[in-house]
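Listed here are the chains, written in short residue letters.
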Amino acid sequence: MRESLREQVESYIYIGPFLLIFVLFIGFPFIYAFFLSFHRVTTLQDVFGGLEFVGFRNYIFILKDPRFHWALLVTAYYAILIIPMNIAFSLILASLMRVPFKLNSLMKTGFFLPFVLDAFVVGIVWTFLLSGRFGIITNLLRPLISEALYRQGFLGTPSTVMPSVATAMVLKGGGFGMVLYLAAMQNIPKEIYEAADIDGASGLKKFFYITFPLLKPVTTFMVITGLIGAISAFAEFYAMTGGGPTVFHFGMPQGMTKVTGLYLFDFIQSLRLGKAAALAFILLLITLSISLIYAKLQRK
Amino acid sequence: MLNYRGNRVKKIIVFLVSLGLLIVVLFPFVWMLYTAFKPPGTGLIFSLKTGLTLENFKKVLFEYNFLRYFKNSFIVAFFSATFSTLFAAMAAYAFAKKRFFMKNTLFWLFIASMMVPGLLYVIPQFLVVYKLRWMNTYQGMIVPHLANVFGLFILTQFAKEIPDSLIEAARIDGASDFKIFLFLMLPLMVPIVATVYLLNFQFHWSNFLWQLIVAQTDRMYTVPVGLAMFKNAHQEAYTLEMAASSLSIIPIAIIFVFAQRYFIEGITQGAVKG
């Protein structure tokens, strides 16, 4: 009995620092964000006490805000672009890297490298490459693109801005999916392919009827993390577009890339923290329900 | 024989396609470095005749204070990685090898918190830091992220696989529990500790949004925050901008190339198990 009490105390000494930080900076903030979402916050002075209770008004404000509908729409657009692109690019890289050839491991390193770099800084670099008139990519593609696109650049033109950000982020992050798919491919038994060879299946058929279905868990993971990534995307848009360029929708000017992350940042910056918290919880609910639905569909 | 040749052709095609894609993936960074070494003001001239110079690096480091930002980034990443890895390793030891009150509940709570998008925490974390008067300080940038759940998770998985008999043997030899942790568990966990350390270092080196919120004066800016401010203040100073970007990217790239095994293993392990 004394021994076990000692073990208890010792254990809590080991988990103590972690637990303390967790409670103070993750556990408490989660609960406090929930509390804030039902209150009106305008200044920082009285955030711990003396806030006005407003019920669901913050939630209603956001759910009715046309800018929120727009943010959801462009975020969904971003997700629909980037998730399939990322899966396709990762699969292509994994299929290529699976073939043993010289310099193969060096190339893997090269493909993976951008994944560990700062999304904000990588975004800044891409902004430079894609800028109108002066960007190297804009100039390389000049014979193929319109004069207006050349002048405004890929990030200044509403129709090209989202595909450009998605492409930049897929090229940055594809190496991660590559590594996941490679690991999963190594677990597929060779016998399955041999059997398919005997049946005379072509390479593409083998890919679509054997490899891709067996990689489903990785693909599910990529879709769910891709959704969470799109809903919390911030640094890449802050660096590359700042939310622009401006287009007219829902009766007001909107940013073509004003995704939910940037919309939330506006509330934080203007210290409307009650609304920011309500928005964060709405986004959490959306993320969780999409993930659950997707996971359910996959199990069938 | 025919098959052998077919294989070689296939390998050559795969090699060429891969090389093409690799060039596309790495091109932005090559162009960034190239621009960073061009004479100031020639960022938009596409000619190899301009020659190469270190002028941009000198300017951003000394005139535009990036030396300071670099130091701040390093301090934040170093202390964050050190303490979050230490705390996670300590907790992992307890979770893997000890029994205590609420053990499973706590572990489940920690893991569940990973499902929540980071943006949700930002607001109240900001309030806590504000209330503690930690705005614009190193501790404000470091302390809120010292509970690294992902690290705890993979360290615990690893610690579980260390045989109990080793710990028993050490205990019989009279080692105190703290000694067992420090001189037995930690050394045995070195590979995975290194992974967690590197991932934490990289995370904090790039923790842009949080640093943007906490750092409020030039004195406390980190490299990405300094870069954001520089970009706002100096439109089209591209050679300087790319030099500053290089300063942010090069350290992580170098660490990655030398320790890629740890990076890739840690990230995939976490993804596969989580």
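Residues numbered from 1 in each chain as written. Chains lettered and ligands numbered in written order. Predicted model: local features only at pLDDT ≥ 70, side-chain atom pairs only at ≥ 80, totals over all residues. Heavy atoms only, no water.

### A short note on the interface of chain A and chain B
Moving on, step 1. Every contact between the two is made by 87 residues of chain A and, on the other side, 92 residues of chain B.
Moving on, step 2. Inspection of the chain A/chain B interface yields nine residue pairs in polar contact (both at pLDDT 80 or more).
Moving on, step 3. For the side of chain A that touches chain B, a count of residues per class yields 71 nonpolar, twelve polar and four charged. (Contact = heavy atoms within 4.5 Å. Polar contact = N/O pair within 3.5 Å; in protein donor to acceptor, adjacent residues only side chain to side chain. Nonpolar A, V, L, I, M, F, W, Y, C, P; charged D, E, K, R; others polar.)

### Overview of the domain arrangement of chain B
Residue and element names in this part refer to chain B.
Moving on, step 1. Considered domain by domain, chain B is made up of domain 1 (2–36) and domain 2 (55–273).
Moving on, step 2. Distance between the C-alpha centres of domain 1 and domain 2: 33 Å.
Moving on, step 3. Listed as interface residues are five residues of domain 1 and, on the opposing side, ten residues of domain 2.
Moving on, step 4. For the pair domain 1 and domain 2, the summed buried surface comes to about 550 Å²; carbon and sulfur atoms form 78% of the total. (Domains from an automatic or database assignment. Buried area = accessible area lost by both parts, 1.4 Å probe.)

### What to know about the packing of helix H8 (residues 158–186) of chain A against helix H11 (residues 216–231) of chain A
Residue and element names in this part refer to chain A.
Moving on, step 1. Put simply, H8 and H11 touch, their axes get as near as 9 Å, and they point 160 degrees apart. Here H11 runs roughly antiparallel to H8, going by the angle between their axes. Regarding H8 and H11, the two cross each other, and that crossing is right-handed. Taking contact as the criterion, the partners of Phe176, Gly177, Leu180, Tyr181 and Ala184 in H8 are, on H11, Val218, Thr219, Phe221 and Met222.
Moving on, step 2. Its residues assigned to classes, the contact of H8 with H11 shows seven nonpolar, two polar and no charged. (Axes fitted to C-alpha atoms, helices over the stretch in contact; angles between N-to-C directions. Helix = DSSP H or I, 4+ residues; strand = E, 2+ residues; numbered from the N terminus. Parallel < 35°, antiparallel > 145°, perpendicular 65-115°, else oblique. Left-handed = near helix turned anticlockwise from the far one by under 90°.)

### A few points about the domain arrangement of chain A
All names here are of chain A.
Moving on, step 1. Segmentation of chain A into domains returns domain 1 (2–53) and domain 2 (66–299).
Moving on, step 2. Placing the centre of domain 1 and that of domain 2 at their C-alpha centroids yields a distance of 34 Å.
Moving on, step 3. Counting from both sides, the interface comprises nine residues of domain 1 and, opposite them, eight residues of domain 2.
Moving on, step 4. Around 710 Å² of area is buried between domain 1 and domain 2 when both sides are counted, 79% of it from carbon and sulfur atoms.
Moving on, step 5. At the junction of domain 1 and domain 2, the tally comes to zero salt bridges.
Moving on, step 6. At the junction of domain 1 with domain 2, the criterion picks out zero residue pairs in polar contact (both at pLDDT 80 or more).
Moving on, step 7. Element by element, the count of residues in the side of domain 1 that touches domain 2 is highest for helix H1 (residues 2–36), at four residues.
Moving on, step 8. Here the side of domain 1 that touches domain 2 is composed, by residue class, of six nonpolar, three polar and no charged. (Salt bridge = Lys/Arg side-chain N within 4 Å of Asp/Glu carboxyl O.)

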